[in-house]
Amino acid sequence: MDVLYKNKKLERICTDARTAERTYGSKMAEKIHQRIDEIIAVDSVETMQKYRIGRCHQLSMNRKGQYAVDLVHPYRLIFEKVDAGIQVVMIIEITDYH
């Protein structure tokens with residue numbers, strides 16, 4: 001899939017290992033980059049859900065239409081589909097929404 005980012009700061013965290021490590025620490029940075037690589041490698045969000053890649057799951061309530069994958073507990077990488085036809089997702093945030 002193709003990946004877009006909500007803002008430049010989030011893009012730097014997700015694409016630059018040093019920035020991610022400075023912001024979240026080495027273990028979290030490694031997991032963020034692993035999840036981004038997994039998202040890029042699959043052909044659809046449905047495939048991620050079917051094979052439980054990163055424990056991908058659809059969110060509900062005020063986050064309806066968004067998906068999450070696990071990072072270092074309790075953090076999640078939140079994204080949403082931008083274009084289902086050509087499979088583009090937008091990374092929205094890294095947060096603990098619980």
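Up top you'll find the structure we're talking about.
Residues numbered from 1 in each chain as written. Predicted model: local features only at pLDDT ≥ 70, side-chain atom pairs only at ≥ 80, totals over all residues. Heavy atoms only, no water.

Peer 1: Hey, could you run me through the sheet that holds strand β3 (residues 66-70) in this one?
Peer 2: Strand pairs in the sheet, formed through backbone hydrogen bonds, run parallel or antiparallel to each other. The mixed open sheet is built from five strands, whose spatial order is β1-β5-β4-β3-β2. Edge strands, defined here as strands with exactly one partner in the open sheet, are β1 (2-5) and β2 (57-58). Across two bridges, the pairing between β2 and β3 is antiparallel. For Gln-58, the partnering residue across the bridge sits in β3 and is Tyr-67. Packing against the sheet, helix α3 (residues 26-41) makes contact with β1, β3, β4 (76-83) and β5 (88-95), and its axis sits at approximately 165 degrees to β5. (Pairing = 2+ DSSP bridges. Helix = DSSP H or I, 4+ residues; strand = E, 2+ residues; numbered from the N terminus. Contact = heavy atoms within 4.5 Å. Axes fitted to C-alpha atoms, helices over the stretch in contact; angles between N-to-C directions.)

Peer 1: Help me understand helix α1 (residues 8-15), please; the structure alone is not making it clear to me.
Peer 2: Since one α-helical turn is 3.6 residues long, residues separated by three or four positions face the same way. Regarding α1, the residues found buried are Leu-10, Ile-13 and Cys-14. Down the axis of α1, the smallest arc covering the buried residues is 90 degrees, so these residues share one side. Structural note: α1 exposes Lys-8 and Thr-15 on the side pointing more than 90 degrees away from its buried face. Elements that come into contact with the buried residues of α1 comprise β1, α2 (17-24), α3 and β5. Sitting at the amino-terminal end of α1 is Asn-7, which places a side-chain oxygen 3.3 Å from the backbone nitrogen of Lys-9. (Buried < 20%, exposed > 50% of the residue type's maximum accessible area, 1.4 Å probe, protein only. Arc of directions from axis to C-beta. Polar contact = N/O pair within 3.5 Å; in protein donor to acceptor, adjacent residues only side chain to side chain.)

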